[in-house]
Amino acid sequence: MNATPATTKTDAETEPRTDAETEAAATEATATTGGASAETAPEAAEVPDATDPDGPEPADEPDAEAAPARAGFGAGAAAVVAGALGAVSLSGTWMGKTLSERATLIGQIKTSQSGTAAQQIQEIYGNSWHTTALVNGVFALLALIVGAVVLARPAFGTPGRAEQPVWVKAVALAGVVLGVVGLLISAGMYLDLFAALPSTKG
């Protein structure tokens, strides 16, 4: 007894595919695969790479960059102040003029009733001259101190911090030089080295 095969192939299954049917099947498979890749691509893009050296920078980096800027701003302002104080110590100040006039008035009051010519010269003229010299010397000393601090600040600052701009160093150095010159002139005025007090002796 001959056994019949359990399954038989249909004409459609055994018939070879045409070129058009093969291209259509390939296009459908590509579209299906591409759609799946497009759907999963955003999810993969959202995951950051922890080992990427060009990853997002730390959030506190702007503060680190702003700190040197603030330090440079303060150094520049201090340098300008030092230069201004040095210039004022040479030209004189409103405060020095006022205190000089006050010393003159006090001398006139003291010698108005009784006083020799030498006493009047010392109380009226000498004290006024010395007061002006003292005030100018104080401004010169302040200019010297502020300028020196600005110049020495980088040596005691944070290691690796950017150097001060050239103009800051130049202005601070000018303040130091003017302060030194102002101190010398003020000391000479106070000690009557440039011009002695008038004398009544012939």
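Look above for the structure.
The sections below set out a description of the structure shown in this document. Worth saying up front: this structure is predicted, and the values here are computed from it rather than measured.

**Some details on the side chain of H130**
Part 1 of the reasoning: Inspection of the secondary structure assignment puts H130 in helix α5 (residues 117-152).
Part 2 of the reasoning: Looking at H130, the relative accessible area reads 15%, which means it is buried.
Part 3 of the reasoning: Polar side-chain contacts of H130 include one of 3.4 Å to the backbone oxygen of Y190.
Part 4 of the reasoning: When sequence neighbours within four positions are dropped, the list of residues in contact with H130 reads Q122, M189, Y190 and D192.

**Focus on the packing of helix α4 (residues 94-111) against α5**
Axes are the key here: two packed helices are described by the angle between their axes and the distance separating the axes.
Part 1 of the reasoning: The interhelical angle for the contact between α4 and α5, taken along N-to-C directions, is 160°, at an axis separation of 8 Å. Between α4 and α5, the angle falls in the class roughly antiparallel. As α4 packs across α5, the resulting crossing turns out to be right-handed. Where α4 abuts α5, its residues G96, L99, S100, A103, T104, G107, Q108, K110 and T111 lie against Q119, Q120, E123, I124, N127, S128, T131, T132 and V135.
Part 2 of the reasoning: Considering only residue class, the contact of α4 with α5 consists of four nonpolar, 12 polar and two charged.

**Notes on the packing of aromatic side chains**
Part 1 of the reasoning: Overall, the coordinates contain one aromatic pair when judged by the stated rule.
Part 2 of the reasoning: Between Y125 and W129, the ring centres sit 6.3 Å apart and the planes meet at 20°, which makes this aromatic pair stacked. Residue Y125 and its partner W129 are both found in helix α5; the two are separated by four residues, about one turn of the helix.
Part 3 of the reasoning: Since its relative accessible area comes to 28%, W129 is described here as partly exposed.

**Some details on the environment of R153**
Part 1 of the reasoning: Here R153 is to be found in the loop between α5 and α6 (166-190).
Part 2 of the reasoning: Exposure remark for R153: the relative accessible area of 43% places this residue in the partly exposed category.
Part 3 of the reasoning: Once the C-alpha coordinates of R153 and Q164 are considered, the two residues, 11 residues apart in sequence, prove to be 9.4 Å apart.

**Notes on unusual backbone geometry**
Most peptide bonds take the trans form, and the phi angle of most residues other than glycine is negative.
Part 1 of the reasoning: Positive phi, close to 60°, is recorded for D192, a residue that is not glycine.
Part 2 of the reasoning: On the secondary structure map, D192 appears in the segment after α6.
Part 3 of the reasoning: Judged by its relative accessible area of 23%, D192 is partly exposed.

**Some words on the packing of α5 against α6**
Part 1 of the reasoning: Direction vectors running N to C along α5 and α6 enclose 155°, while the axes themselves pass 7 Å from each other. Our classification of the angle between α5 and α6 gives roughly antiparallel. Of the two possible hands of crossing, α5 and α6 adopt the one that is left-handed.
Part 2 of the reasoning: Residues belonging to the contact of α5 with α6 are distributed by class as follows: 17 nonpolar, nine polar and one charged.

**A look at the environment of L134**
Part 1 of the reasoning: Within the secondary structure, L134 is located in helix α5.
Part 2 of the reasoning: Its relative accessible area of 53% is what places L134 among the exposed residues.
Part 3 of the reasoning: With 56 residues separating them along the chain, L134 and Y190 place their C-alpha atoms 6.9 Å apart.

Here is what the cut-offs are and how they apply
- Residues numbered from 1 in each chain as written.
- Predicted model: local features only at pLDDT ≥ 70, side-chain atom pairs only at ≥ 80, totals over all residues.
- Heavy atoms only, no water.
- Helix = DSSP H or I, 4+ residues; strand = E, 2+ residues; numbered from the N terminus.
- Buried < 20%, exposed > 50% of the residue type's maximum accessible area, 1.4 Å probe, protein only.
- Polar contact = N/O pair within 3.5 Å; in protein donor to acceptor, adjacent residues only side chain to side chain.
- Contact = heavy atoms within 4.5 Å.
- Axes fitted to C-alpha atoms, helices over the stretch in contact; angles between N-to-C directions.
- Parallel < 35°, antiparallel > 145°, perpendicular 65-115°, else oblique.
- Left-handed = near helix turned anticlockwise from the far one by under 90°.
- Nonpolar A, V, L, I, M, F, W, Y, C, P; charged D, E, K, R; others polar.
- Phe/Tyr/Trp six-rings, centres within 6.5 Å; stacked < 30°, edge-to-face > 60°.

Remember that the coordinates give geometry; whether it matters functionally is a separate question.
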